[in-house]
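Here is how the chains run, residue by residue.
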Amino acid sequence: MLVTYAKQETIEPLKTLGGYLAWGIAGSMCMALGAIFVGFGTLRFFQTQFDTFDGGGIGSVVPYVAAFVVLAILIGLFVMSFVRAKKAIS
């Protein structure tokens, strides 16, 4: 009876925790991959759609700055959602 109780209180919760951890890691990897695609997509959009940025000098930096700004906004949204979730838990 003691062994059954020990298994119930230790092994079963660890299996459940492992499932949550696996889904969390998979979700994090998908979010990171999506953020990378958004960054590259923004960069390629500004590089190909606007002829103004084709020259040298400051004009060639604008697409990279735009991609950086979009990714910074995305990171800000992620941080805000984490803070909001942490407040909801507390």
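Above this text is the structure in question.
Computed from a predicted structure; not experimentally measured.

Student: How should the overall build of the protein be read in this particular structure?
Tutor: Helix and strand counts for the protein come out as two helices and zero strands. Among the 90 residues that make up the protein, the fraction classed as buried is 10%. With an accessible surface of roughly 7500 Å², the protein has 76% of that area assigned to carbon and sulfur atoms.

Student: Even after reading the chapter, I still don't get helix H2 (residues 62-89), so can you show me in this structure?
Tutor: An α-helical segment advances 3.6 residues per turn. Residues three or four places apart therefore align on the same side. Taking 1.5 Å of rise per residue, 28 residues should cover 40 Å, and H2 covers 41 Å from first to last C-alpha, within 8% of that figure. Of all the positions in H2, only Pro-63, Ala-66 and Ala-67 are classed as buried. Buried positions along H2 lie against helix H1 (2-49).

Student: How should the packing of aromatic side chains be read in this particular structure?
Tutor: What characterises a pair of aromatic rings is the spacing of the ring centres plus the angle enclosed by the ring planes. In this structure the tally under the stated criterion is one aromatic pair. Judged by centre distance (5.5 Å) and plane angle (75°), the ring pair of Phe-45 and Phe-46 falls under edge-to-face. Residue Phe-45 is classed as partly exposed on the basis of its relative accessible area, which comes to 42%. Assessed through its relative accessible area of 22%, Phe-46 is described here as partly exposed.

Student: It is not clear to me how the environment of Leu-33 should be interpreted in this structure. Could you clarify?
Tutor: In this fold, Leu-33 is placed in helix H1. For Leu-33, a relative accessible area of 44% puts it in the partly exposed group. Along the primary structure Leu-33 and Ser-81 are separated by 48 residues, whereas in three dimensions their C-alpha atoms are 18 Å apart.

Student: Could you clarify how one ought to interpret H1 in this entry?
Tutor: When the terminal C-alpha atoms of H1 are compared, their 70 Å separation across 48 residues agrees well with the 70 Å that a helix rising 1.5 Å per residue should span. Of all the bends in H1, the largest measures some 30° and sits at Gln-8. When H1 is considered as a whole, its buried residues turn out to be Ala-35, Gly-39, Thr-42 and Leu-43. Of the surrounding secondary structure, the elements contacted by the buried residues of H1 are H2.

Student: What exactly am I supposed to notice about the environment of Ile-73 here?
Tutor: Here Ile-73 shows up in helix H2. Judged by relative accessible area, which is 52%, Ile-73 ranks as exposed. When the C-alpha atoms of Ile-73 and Val-83 are compared, they prove to be 15 Å apart, with 10 residues separating the residues in sequence.

Student: In this structure, what is going on with the packing of H1 against H2? I would like to understand it.
Tutor: Between two packed helices, the angle of one axis relative to the other and the distance separating the axes together describe the packing. Between H1 and H2, whose axes approach to 8 Å, the crossing angle comes to 150°. Relative to H2, H1 is oriented roughly antiparallel. Of the two elements, H1 crosses H2, and the hand of that crossing is right-handed. In this structure, H1 uses Met-31, Ala-35, Val-38, Gly-39, Thr-42, Leu-43, Phe-46 and Gln-47 to contact H2, whose residues at the interface are Pro-63, Tyr-64, Ala-66, Ala-67, Val-70, Leu-71, Leu-74 and Phe-78. Its residues assigned to classes, the contact of H1 with H2 comprises 13 nonpolar, three polar and no charged.

Cut-off values and rules
- Sequence order as written defines the numbering, with residues in each chain counted from 1.
- Local features in this predicted model are restricted to residues whose pLDDT is 70 or higher, and side-chain atom pairs enter the listing and the counts only when it is 80 or higher, whereas totals over whole chains, interfaces and linings include all residues.
- Note: side-chain values were computed over all heavy atoms of the structure, leaving out hydrogens and water.
- What counts as a helix is a DSSP run of H or I of at least four residues, what counts as a strand is a run of E of at least two, and both are numbered from the N terminus.
- A simple rule labels every residue: compare its accessible area, found with a 1.4 Å probe on the protein chains alone, to the largest value its type can have, and call it buried under 20%, exposed over 50%, or partly exposed in between.
- In this description, accessible areas are obtained by the Shrake-Rupley approach with a 1.4 Å probe, and a residue is regarded as covered only by the protein chains that are shown.
- Here, expected helix span is obtained from the residue count minus one, scaled by 1.5 Å.
- Any two residues having at least one pair of non-hydrogen atoms within 4.5 Å are treated as being in contact.
- Each Phe, Tyr or Trp ring (for Trp, its six-membered ring) is paired with any other whose centre lies within 6.5 Å, and the angle between the two planes then decides the class: stacked below 30 degrees, edge-to-face above 60, tilted in between.
- The seven residues ending at a residue and the seven starting there each receive a fitted axis; the angle between those axes is the bend at that residue.
- To define axes, lines are fitted to C-alpha atoms, for helices over the stretch in contact only, and angles between the resulting N-to-C directions are given on a 0 to 180 degree scale.
- Each angle receives one of four descriptions, namely roughly parallel if under 35 degrees, roughly antiparallel if over 145, roughly perpendicular if within 65 to 115, and oblique otherwise.
- Left-handed describes a crossing whose near helix is turned anticlockwise from the far helix through less than a right angle; right-handed describes the clockwise counterpart.
- Amino acids outside the nonpolar list (Ala, Val, Leu, Ile, Met, Phe, Trp, Tyr, Cys, Pro) and the charged list (Asp, Glu, Lys, Arg) are all regarded as polar, and Gly is one of them.

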